[in-house]
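The residues making up each chain are set out below.
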Amino acid sequence: MMNKNHHNSVMFSESINGLDIRPNGIYVDTTFGRGGHTQGILEQLGDSGQLIAFDRDIDAVEFAKLNFNDPRLIVIHSSFSRLNNELERLDLMGKIDGILMDLGVSSPQLDQAERGFSFNKDGALDMRMDQTQSLTAAQWLKESSEIEIADAIYLYGEEKRSRIIAATIKKYQKSNEIKTTLDLANLISSVVRSGKNKHPATRSFQAIRIVINDELKQLSEALEQTIKVLAVNGRLSVITFHSIEDRIVKQFIRKYSRPKEAPKGLPIRTNKGNQCSLKDLGKIKPSEQEIRTNRRSRSAILRLAQKC
């Protein structure tokens, strides 16, 4: 088994400790990446423990097969939005002691120019996390209207200059194709100023990536499924990297950590039907030391919850 990649995982110790791992427990890593969290969990499991790892990136799944030889580990090529389907197949519904979600783009995805995630490397404008899907970023930009592009960049990238960016893209496309990451990054840079320690294309690339991979819908679907998947006292550990993701996680935990309201004028009953489904265990931010050594951690937030 590989013995590396811990340093690439933001809030590695905090997220694993938040699972309160039992040696004979059953755990899920919904975002395998290059196996940093997976290895960390395996190191705390005993011989009878079990870990199921999900990833929709074929490269990640192939990496796991080549580098992780552990009978306690099952690796599944699937989005975590199919959590229920896959765990039902394994007869593990309601038996999971902890679920970890690291929602960041993995370093290999950013480092490989041909994957098209980075505005710092020139490569095909792809951005697909699952290479088996057909829609690429280049295709979406070509087929979408100016309004659709502007709305997406504003909503998912929180980019104030979304309208001018979209207009610039569609104007350019009248006589040219946007084929590479640098084509797009240069277009955006022509109408957006650099921010403090932030490339002008950061927010737009984030937004387009979210659209191409349907990230927010899949996150919401996966979170809802954790309620039935987790065993009583099972833990949920989620690392987000931008405010939109964090808002979804925070609202999900709040939704299930509040008692159901009784009809007006009647007392709140305390039977199972009115109890909370989750206990909010709070949030953790990276230490100053981690932020200094890993710039990717600056915007990260870890939220923890426990099944009641």
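Shown above is the structure to which this text applies.
Cut-offs and rules
- Residues numbered from 1 in each chain as written.
- Predicted model: local features only at pLDDT ≥ 70, side-chain atom pairs only at ≥ 80, totals over all residues.
- Heavy atoms only, no water.
- Pairing = 2+ DSSP bridges.
- Helix = DSSP H or I, 4+ residues; strand = E, 2+ residues; numbered from the N terminus.
- Axes fitted to C-alpha atoms, helices over the stretch in contact; angles between N-to-C directions.
- Contact = heavy atoms within 4.5 Å.
- Buried < 20%, exposed > 50% of the residue type's maximum accessible area, 1.4 Å probe, protein only.
- Parallel < 35°, antiparallel > 145°, perpendicular 65-115°, else oblique.
- Nonpolar A, V, L, I, M, F, W, Y, C, P; charged D, E, K, R; others polar.
- Core = buried A, V, L, I, M, F, W, Y, C linked by side-chain atoms within 4.5 Å.
- Polar contact = N/O pair within 3.5 Å; in protein donor to acceptor, adjacent residues only side chain to side chain.
- Salt bridge = Lys/Arg side-chain N within 4 Å of Asp/Glu carboxyl O.
- Expected span 1.5 Å × (residues − 1).
- Patch = residues over 30% accessible without salt bridge, like charges linked within 9 Å, V, L, I, M, F, W, Y side chains within 5 Å.
- Areas by Shrake-Rupley, 256 points an atom, 1.4 Å probe, with all protein chains shown as cover.
- Lys, Arg positive; Asp, Glu negative; His and termini not counted.
- Charge placed at Lys NZ, Arg CZ, Asp CG, Glu CD.

Peer 1: Hey, could you run me through the sheet that holds strand E3 (residues 73-77) in this one?
Peer 2: Strand pairs in the sheet, formed through backbone hydrogen bonds, run parallel or antiparallel to each other. With respect to topology, seven strands assemble into an open sheet ordered E3-E2-E1-E4-E5-E7-E6, the strand pairing being mixed. For this open sheet the edge positions go to E3 and strand E6 (278-284), each flanked by a neighbour on one side alone. With strand direction ignored, the average angle separating the axes of adjacent strands in the sheet is 15 degrees. Relative to strand E5 (residues 230-240), strand E4 (residues 96-102) is paired through six bridges, and the arrangement is parallel. In the strand pairing of E5, Asp 102 is matched with Ile 239. The strands touched by helix H11 (residues 215-229) are E4, E5, E6 and strand E7 (301-307); relative to E5, the strand with the most contacts, the crossing angle is about 160 degrees. Against the sheet, helix H12 (residues 243-257) engages E5, E6 and E7, with an angle of about 20 degrees to E7.

Peer 1: Even after reading the chapter, I still don't get the pairing of E4, so can you show me in this structure?
Peer 2: The element E4 is largely enclosed, with a buried count of seven among its seven residues. As paired strands, strand E1 (residues 26-29) and E4 are joined by three bridges and run parallel to one another. Note on E4: the bridge partner recorded for Tyr 27 is Gly 98.

Peer 1: Can you walk me through the packing of helix H7 (residues 146-157) against helix H10 (residues 202-212) in this structure?
Peer 2: Packing of H7 against H10 brings their axes to within 8 Å, and their N-to-C directions diverge by 100 degrees. Classified by the angle their axes make, H7 and H10 are roughly perpendicular. Here Ala 152, Ile 153, Tyr 156 and Gly 157 of H7 come into contact with H10, specifically with Arg 203, Ser 204, Gln 206, Ala 207, Ile 210 and Val 211. A class-by-class count of the residues in the contact of H7 with H10 yields six nonpolar, three polar and one charged.

Peer 1: What should I look at first to understand the nonpolar core in this one?
Peer 2: Within soluble globular proteins, side chains that are nonpolar tend to cluster in buried spots. By size, the foremost hydrophobic cluster in this structure holds 31 residues, and its most contacted members are Ile 96, Ile 99, Met 101 and Leu 223. Those elements that provide at least two residues to this core are E1, strand E2 (50-55), helix H4 (83-89), E4, H11, E5 and H12. Apart from the residues lying within four places of it in its own chain, the contact partners of Ile 96 are Ile 26, Tyr 27, Val 28, Leu 87, Val 229, Leu 230, Ala 231 and Gly 234. One finds Val 105, Met 127, Met 129 and Trp 140 within the second-largest nonpolar core, a separate group that totals 28 residues.

Peer 1: Can you walk me through unusual backbone geometry in this structure?
Peer 2: Note: most residues except glycine have negative phi, and most peptide bonds are trans. Even without a glycine there, the phi angle at Glu 158 is positive, about 50 degrees. Relative to the elements of secondary structure, Glu 158 occurs in the loop between H7 and helix H8 (162-173). At Asn 233, a residue that is not glycine, the phi angle is positive and equals roughly 75 degrees. Checked against the element boundaries, Asn 233 lands in strand E5.

Peer 1: Help me out: how do you make sense of the side chain of Arg 56 in this one?
Peer 2: Looking at where Arg 56 falls in the secondary structure, it is placed in the loop between E2 and helix H3 (58-67). Polar contacts involving the side chain of Arg 56 include one to the main-chain carbonyl oxygen of Asn 213, which spans 3.0 Å. Non-local contacts of Arg 56, meaning those with residues more than four positions away in its chain, are made with His 77, Ser 78, Ser 79, Met 129, Asp 130, Gln 131, Asn 213, Glu 215 and Gln 218.

Peer 1: Help me out: how do you make sense of the pattern of salt bridges in this one?
Peer 2: Pairs can form between side chains of opposite charge once their charged atoms are near each other. Tallied over the entire structure, the rule returns twelve salt bridges. The partner of Arg 72 in a salt bridge is Asp 70, with the nearest N and O atoms 2.7 Å apart. For Arg 72, a relative accessible area of 14% puts it in the buried group. You can call Asp 70 buried: its relative accessible area is 14%. Across the pair Asp 91 and Lys 95 runs a salt bridge whose closest N-O atoms are separated by 3.5 Å. Its relative accessible area of 54% is what places Asp 91 among the exposed residues.

Peer 1: Explain H8 here, please?
Peer 2: Side chains of residues three or four places apart in an α-helix project in the same direction, reflecting 3.6 residues per turn. The end-to-end C-alpha separation of H8 is 17 Å, in line with the 16 Å expected for twelve residues at 1.5 Å each. Taken together, the buried positions of H8 are occupied by Ser 162, Ile 165, Ala 166, Thr 168, Ile 169, Lys 170 and Gln 173.

Peer 1: Would you mind showing me how to read the environment of Asp 151 here?
Peer 2: Mapped onto the elements of the fold, Asp 151 is located in helix H7. Judged by its relative accessible area of 30%, Asp 151 is partly exposed. Residues Asp 151 and Ala 166, 15 residues apart in the sequence, show an inter-C-alpha distance of 8.9 Å.

Peer 1: Sorry, what's going on with a positive patch on the surface here?
Peer 2: On the surface, Lys 160, Lys 198, Arg 203, Arg 295 and Arg 298 cluster together into a patch of positive charge. Tracing the sequence through the fold places Arg 203 in helix H10.

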